[in-house]
Amino acid sequence: MPERLAELLQEWALAAGVPIPFAVAFVGIAAAILLAVGWSCRGVLRKRADPRRSDHRDRSGRATAEEENTDALDRMVALTIGSRWAPLSEAEIAALSTRLADIPKIRVQIMYENALGKELAQSFYEAFKLAEWGGAALGIGSGLGHGVTIGQGSGTATIALKSAIEATTQLKVAIVRPDQPQWPG
């Protein structure tokens with residue numbers, strides 16, 4: 001260790017001979033270290049500075065990168081997995097079954113793609129059963145697109161079902177391939 005101390009004192013004499021370049025280099029290195037540490041800790045320091053901020057927005061009201069990333073992740077999950085569909089209320093089931101009783105009965109396959117839509121599908125099935133639609137069936141299935149859809153065609157029954165659902169619930173119904181003939185039965 002004394003050898004190192006002797007080397008350091010010898011180098012110090014060299015640095016003392018050129019003080020301005022030494023000071024500039026020292027300040028530059030110190031600034032670079034501080035910037036690197038500040039950059040790596042900026043997220044942690046910002047959160048600690050105001051932990052009550054839950055909207056992830058800066059003072060100008062613009063969304064921060066963190067919020068945009070969270071929103072993008074939420075959209076990806078919703079498109080990949082889906083969102084939970086709330087079932088129809090008792091009042092909606094009763095109103096829909098009343099409207100369905102006036103429509104000529106056809107075969108209806110009520111499908112849900114995953115567990116997130118099962119309760120809604122079951123509530124639709126309950127409305128069809130209350131309206132005494134013997135051809136109504138409930139099961140898992142997919143392929144008709146996103147949301148509540150009726151397929152295929154634009155026949156009288158398809159349009160009447162769309163109208164009944166939209167009139168008695170908050171749901172919007174899409175008709176799959178309305179330019180095609182209605183499926184038989």
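This text goes with the structure placed above it.
Residues numbered from 1 in each chain as written. Predicted model: local features only at pLDDT ≥ 70, side-chain atom pairs only at ≥ 80, totals over all residues. Heavy atoms only, no water.

*Asks:* For this particular structure, what's the right way to read the packing of aromatic side chains?
*Replies:* Here a ring pair, both rings aromatic, is described through the centre-centre distance and the interplanar angle of the planes. Scanning all chains against the criterion turns up 2 aromatic pairs. Consider the rings of Phe22 and Phe26, whose centres lie 6.4 Å apart with planes at 25°: the pair is stacked. With Phe22 and Phe26 both in helix H2 (residues 19-49) and 4 residues apart, the pair spans about one turn of that helix. Given a relative accessible area of 37%, Phe22 falls into the partly exposed group. Overall, Phe26 belongs to the exposed group, its relative accessible area being 55%. (Phe/Tyr/Trp six-rings, centres within 6.5 Å; stacked < 30°, edge-to-face > 60°. Helix = DSSP H or I, 4+ residues; strand = E, 2+ residues; numbered from the N terminus. Buried < 20%, exposed > 50% of the residue type's maximum accessible area, 1.4 Å probe, protein only.)

*Asks:* Is there a simple way to explain the pattern of salt bridges in this structure?
*Replies:* Oppositely charged side chains can pair when the atoms bearing their charge come close. All told, the structure shown has 1 salt bridge when counted by the stated rule. A salt bridge links Lys162 to Glu166; the nearest nitrogen and oxygen atoms lie 2.8 Å apart. Of this pair, Lys162 and Glu166 are both found in helix H6 (residues 156-168), 4 residues apart, which corresponds to roughly one turn of the helix. (Salt bridge = Lys/Arg side-chain N within 4 Å of Asp/Glu carboxyl O.)

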